[in-house]
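Each chain is listed here by its residues.
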Amino acid sequence: MIISVAGNISSGKTTLAKKICSLYDFTYVPSKRNELKFLDDFFENIPEYFFATQTSFLINKVSEIDEKRKSNNIVIDRSLYEDIHVFAQLWMDNYSIDEKEKVLYKSLAEYLIKTIPKTDIYILCNCEKKVLLERFNFRTKRTFEEKYGISLPENYVRFLTQIGNGGAGPHYGLYSLEQVEIIAKYEGYIKKANKEAE
């Protein structure tokens, strides 16, 4: 049996998928693996890295599904259909992706979908926007702490996630954790460019 779990980020997809695996001895197929190495480049230049990133996701996911379904029932964290018809389509609709790459990607996606069995059960995780934001802010904080090996005081976290992430905002000099990292990265590029220009 194949179960696919769908939903927005922080809606509980991964938690539910892993719980099903734990309770019913299914095998878990994660939402990301191979394409992670492309993501920094992808978000800096989506048109240039669209094809590499999306095809990496497709090939990795199909390979993992094909390998794991042979020995066990599986739960897929975000199905191929979601990535093809929601995420990839979003980039194609809103960015200047090369037309030849669009055609090639769609052809490849259509072919790969046919190589794996259809999902037997789809589960959609859904929750209120307020809950999504709370979960996302918590995840952002946890990722930031793990990345830099620090523990942020709870009062400071509330200040960042509730004010910087949607309150007063950057016009008042308040940035979210994600924005802080983007700014730091940008400033690094500027310093490097200035150094090379000297």
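The coordinates are above.
Residues numbered from 1 in each chain as written. Predicted model: local features only at pLDDT ≥ 70, side-chain atom pairs only at ≥ 80, totals over all residues. Heavy atoms only, no water.

A. How the structure looks around the sheet that holds strand β1 (residues 2-7). Read across the open sheet, the four strands follow the order β2-β3-β1-β4; overall the sheet is parallel. Each edge of the sheet is formed by a strand with only one pairing partner; in this case those strands are β2 (27-29) and β4 (121-125). The mean inter-strand angle of the sheet, taken between neighbouring strand axes irrespective of direction, is 20°. When β2 meets strand β3 (residues 74-77), the two strands line up parallel, connected through three bridges. Residue pairing for β3: V29 is matched across the bridge by I76. The sheet strands contacting helix α1 (residues 13-24) are β1, β2, β3 and β4, and the helix crosses β1 at an angle near 160°. (Pairing = 2+ DSSP bridges. Helix = DSSP H or I, 4+ residues; strand = E, 2+ residues; numbered from the N terminus. Axes fitted to C-alpha atoms, helices over the stretch in contact; angles between N-to-C directions. Contact = heavy atoms within 4.5 Å.)

B. Representation of empty space enclosed by the protein. Using the criterion set out here, one finds one cavity of 30 Å³ or more in the structure. Size it by volume and the largest cavity reaches roughly 80 Å³. Forming the walls of the largest cavity are I2, S4, I65, I76, S79, L80, Y81, I113, I116, P117, K118 and T119. If you list the elements that add at least two residues to the lining of the largest cavity, you get β1 and α4 (80-94). Grouping the constituent residues of the lining of the largest cavity by class yields eight nonpolar, three polar and one charged. (1 Å grid on protein atoms, 1.4 Å probe; cavity = no way out; pocket = protein on both sides within 12 Å on 5 of 7 lines; lining within 4 Å. Points joined across faces, edges and corners; volume = space filled by probe spheres on them. Nonpolar A, V, L, I, M, F, W, Y, C, P; charged D, E, K, R; others polar.)

C. Region of interest: the environment of W91. Examined against the element boundaries, W91 turns out to sit in helix α4. Distance from W91 to P47, taken between C-alpha atoms, is 8.2 Å for residues 44 residues apart in sequence. Other than its neighbours up to four places away in sequence, W91 contacts F42, F43, I46, F50, Q54 and I97. At 3.4 Å, the side chain of W91 forms a polar contact with the side chain of Q54. (Polar contact = N/O pair within 3.5 Å; in protein donor to acceptor, adjacent residues only side chain to side chain.)

D. Highlighting the packing of aromatic side chains. Under the criterion given, the structure shown has three aromatic pairs. With centroids separated by 5.3 Å and ring planes inclined at 75°, the aromatic side chains of F42 and W91 adopt a geometry described as edge-to-face. With F42 in helix α2 (residues 39-44) and W91 in helix α4, the pair connects residues that are 49 residues apart, well separated along the chain. Judged by relative accessible area, F42 falls into the buried class, the value being 2%. One aromatic cluster is present, formed by F42, W91 and Y95 through successive ring pairs. Across from the ring centre of F87, 4.5 Å away, lies the NZ or CZ of R78, which sits over that ring. (Phe/Tyr/Trp six-rings, centres within 6.5 Å; stacked < 30°, edge-to-face > 60°. Buried < 20%, exposed > 50% of the residue type's maximum accessible area, 1.4 Å probe, protein only. Lys NZ or Arg CZ within 6 Å of the ring centre and 35° of its normal.)

That's the geometry; what it means functionally is another story.
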